[in-house]
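Next come the chains, spelled out residue by residue.
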Amino acid sequence: MLCSISGTVPEVPVVSKKSGHLYEKRLILKVIKETGRDPVTSEALSEDDLLELTSGQAAKPRPTPATSIPGLLSLFQNEWDATMLEAHQLRQSLNTVRQELSHALYQHDAACRVIARLMRERDLYRQQLEAAQRAPAEPAGAKRGADGEAMEVEPAGKKAKAGITSDIADKLTACSNELSKGRKKRAISPTVATPDDIAGFSLQFSIPLHKTSKGGILALDLSPASESVVATAGNDGSVQLFDRGADRVLASLTGHSKKVNDVKFVGSQDVLASASSDRTTKLWRAEGEGYACAATLSDQAGDVVSVCVHPSSDYLITAAGDGSWAFYDVAQAACVAQVSDDAAAAGGGYSCAALHPDGLILCTGTADAAVRIWETRTQKNVAKFDGHEGRINGISFSENGYYMATCATDGVKLWDLRKLRNFKSLAPYEGAPTAAVSFDHSGLFLGVGGADARVYGVKQDWSVVKEFTEVPKKGVLSLRFGADARSVLVGAADHNLRVFAAAQ
């Protein structure tokens, strides 16, 4: 007779009066103390319900295999085999569970991606629906209040785009031909800085222009009227106009609701264009002692990352994170044409753009490392450059007309537009991305920003002329050369504008 709990012959057998099952006394007492129930039938059971049986106390005989050494070895071998078989089964079960868990995680990740894509599409359709509902009630063009003051222009791009007409195309061609002829005859200024001059540059001043809570100067531009006036685009959603000569802020433009990614003067110091992550481009015009928003352009569905000014100053081109670029007439504040790039949109949209000095070639960079060349008159993609890794952070054309520099996570690449090939690659920051790149007006120097700011000499076989290390640990986000490369203006990840030049 065996114990119903342990399956062995009990030393002190007891029987349940209710169920009639046989138990080892010490085991059933523990069960009663813990649960108060019969372990087999689950009926209520107490110690009084147990009947102790009298059994002989004769020594238990050994099993036959345990009476000899070979028998014991055989028993041990059987136990070992059983243990190994159980371990193998456990490993198989573990592997099966791991595969099921991996499959479940993959399905969860795929579901999250699909949900995110559907939510983006839903938001886009909602925006398009809201735009369609508002379009009939909102006239395009400038509005005037009762007091005659200028009001913001509602985006004319809500209507169908007229496209780049033959008249506009002729203007673009004439401007390009004129600039191209002038470039061939243009001589380098005798006052342009030499490599030795730049090697002697040092930090002349650092001025805080943006909020400390949201630091970061994302873009810089110098006034066509005076190089001492600089416009900065900030991560705090504002544009600051600063006069270095007078050491004062001329104006603070605060119309955007999110960070300003780019800013450009449009032909003169009186007109600026700013591009923001609030999906708008704003035109600002000088009024009295300050500036006022003259137009808000909201034709693109993604963050507007770059604004480019045509050499004639009559047109703007903006690139956005929705994978589109738009061509605007500045005088009318109207979108003339908008080009959607499905490949760019699928890869995360545009991350930057730049216009060739002649105004006929637009270069766009995407979040998935693609660099594309567009013909602005026909809006056709005429070339694509591969080779970068990671997000394209900056693009700059040389004034010589045939060199172009792009920067990304893997460094800087230089392209010859005549042969459509990469002829030089620079890796200034090992393990860190390059955030900004800019040629000076003479085309003799290339500025690069990342963990620090540095200048390369074009005629020095692209070697480093000067490194500027007086920047914050978070690095440089933008930089520009002053007139004749006599200064280097740096916008860093903090809120300060830094100017490096020769000591006065």
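Residues numbered from 1 in each chain as written. Predicted model: local features only at pLDDT ≥ 70, side-chain atom pairs only at ≥ 80, totals over all residues. Heavy atoms only, no water.

K.L.:
Is there a simple way to explain helix 3 (residues 166–185) in this structure?
P.N.:
The α-helix advances 3.6 residues per turn, and as a result positions three or four apart in sequence lie on the same side. Between its first and last C-alpha, helix 3 extends 29 Å over 20 residues, near the 28 Å set by a 1.5 Å rise per residue. Residues of helix 3 that are buried: I168, A169, L172, C175, S176 and R183. All buried residues of helix 3 lie within an arc of 130° about the axis, which places them on one face of the element. Away from its buried face by more than 90 degrees, helix 3 exposes S166, D167, D170, K171, E178, K181, K184 and K185. As for helix 3, its buried residues are in contact with strand 14 (315–320), strand 15 (324–329) and strand 16 (334–340). (Helix = DSSP H or I, 4+ residues; strand = E, 2+ residues; numbered from the N terminus. Expected span 1.5 Å × (residues − 1). Buried < 20%, exposed > 50% of the residue type's maximum accessible area, 1.4 Å probe, protein only. Arc of directions from axis to C-beta. Contact = heavy atoms within 4.5 Å.)

K.L.:
Please clarify how the pattern of salt bridges should be interpreted in this entry.
P.N.:
Once their charged atoms are close, side chains differing in charge can pair, the charge on each being opposite to the other. Using the criterion set out here, one finds 16 salt bridges in the structure. Residue E375 pairs with R377 through a salt bridge whose shortest N-O separation is 2.6 Å. Exposure remark for E375: the relative accessible area of 14% places this residue in the buried category. The structure contains a network of salt bridges with shared partners spanning D452, R454 and E467. (Salt bridge = Lys/Arg side-chain N within 4 Å of Asp/Glu carboxyl O.)

K.L.:
Is there a simple way to think about the state of the cysteines in this case?
P.N.:
Formally, a disulfide is one covalent bond, and it connects the sulfur atom of one cysteine to the sulfur atom of another. Per the stated rule, a full pass over the model turns up 0 disulfides. This cysteine, C175, is not joined by any disulfide, and C308 carries the nearest cysteine sulfur, 15 Å off. (Disulfide = S-S within 2.5 Å.)

K.L.:
Please clarify how the nonpolar core should be interpreted in this entry.
P.N.:
Nonpolar side chains tend toward joint burial in soluble globular proteins. Formed by 21 residues in total, the largest nonpolar core has its most connected members in I164, I168, I317, W325, F327, Y350 and L362. Elements with a contribution of two residues or more to this core: helix 3, strand 13 (304–309), strand 14, strand 15, strand 16 and strand 17 (350–355). Leaving out residues up to four positions away in the same chain, I317 has contacts with S306, V307, C308, W325, A326, F327, L355, L362 and T376. (Core = buried A, V, L, I, M, F, W, Y, C linked by side-chain atoms within 4.5 Å.)

K.L.:
I tried to follow the confidence of the model for the protein on my own but got confused; where do I start?
P.N.:
Any segment with low pLDDT has predicted coordinates that should not be analysed in fine detail. Across the protein, pLDDT averages 88, with 93% of residues at or above 70. Counting contacts from residues 136–158, a segment whose pLDDT is below 50, to residues more than four positions away or on other chains yields 40 contacts. (pLDDT = per-residue confidence, 0-100.)

K.L.:
Explain the environment of Q128 to me, please; I cannot follow it from the model alone.
P.N.:
Within the fold, Q128 resides in helix 2 (residues 69–134). With 173 residues separating them in the primary sequence, Q128 and A301 have C-alpha atoms 8.8 Å apart.

K.L.:
Where do I start with the sheet that holds strand 4 (residues 202–208) in this structure?
P.N.:
Hydrogen bonds between backbone atoms are what pair the strands of a sheet, whose relative direction is either parallel or antiparallel. Reading across from one edge, 4-31-30-29 is the order of the 4 strands in this open sheet, with antiparallel pairing throughout. The sheet is open, and its two edges are formed by strand 4 and strand 29 (476–481), each paired on a single side. Within this sheet the neighbouring strands show an average axis-to-axis angle of 20°, counted without direction. As judged from the 6 bridges shared by strand 4 and strand 31 (residues 496–501), these two strands associate in the antiparallel manner. Across the sheet, residue P208 finds its bridge partner in strand 31, namely N496. (Pairing = 2+ DSSP bridges. Axes fitted to C-alpha atoms, helices over the stretch in contact; angles between N-to-C directions.)

K.L.:
Looking at this structure, I do not really get the packing of aromatic side chains. What am I missing?
P.N.:
What characterises a pair of aromatic rings is the spacing of the ring centres plus the angle enclosed by the ring planes. This model, assessed by the stated rule, comprises 10 aromatic pairs. Look at Y315 and F327: their rings are 5.1 Å apart centre to centre, the planes differ by 35°, and that puts the pair in the tilted class. You can see Y315 sitting in strand 14 and its partner F327 sitting in strand 15, a full 12 residues away along the chain. Plain terms: the ring middles of W325 and W374 are 5.9 Å apart, the flat faces sit at 65° to each other, and that makes the pair edge-to-face. Separated by 49 residues along the polypeptide, W325 in strand 15 and W374 in strand 19 (residues 371–375) bring together distant segments of the chain. You'll find W325 and W374 in the same group, each marked buried. In this structure an aromatic cluster arises from ring pairing among Y402, Y403, F423, F439 and W462. When the ring centre of Y402 is taken as origin, the NZ or CZ atom of R418, which lies over that ring, is 3.7 Å away. (Phe/Tyr/Trp six-rings, centres within 6.5 Å; stacked < 30°, edge-to-face > 60°. Lys NZ or Arg CZ within 6 Å of the ring centre and 35° of its normal.)

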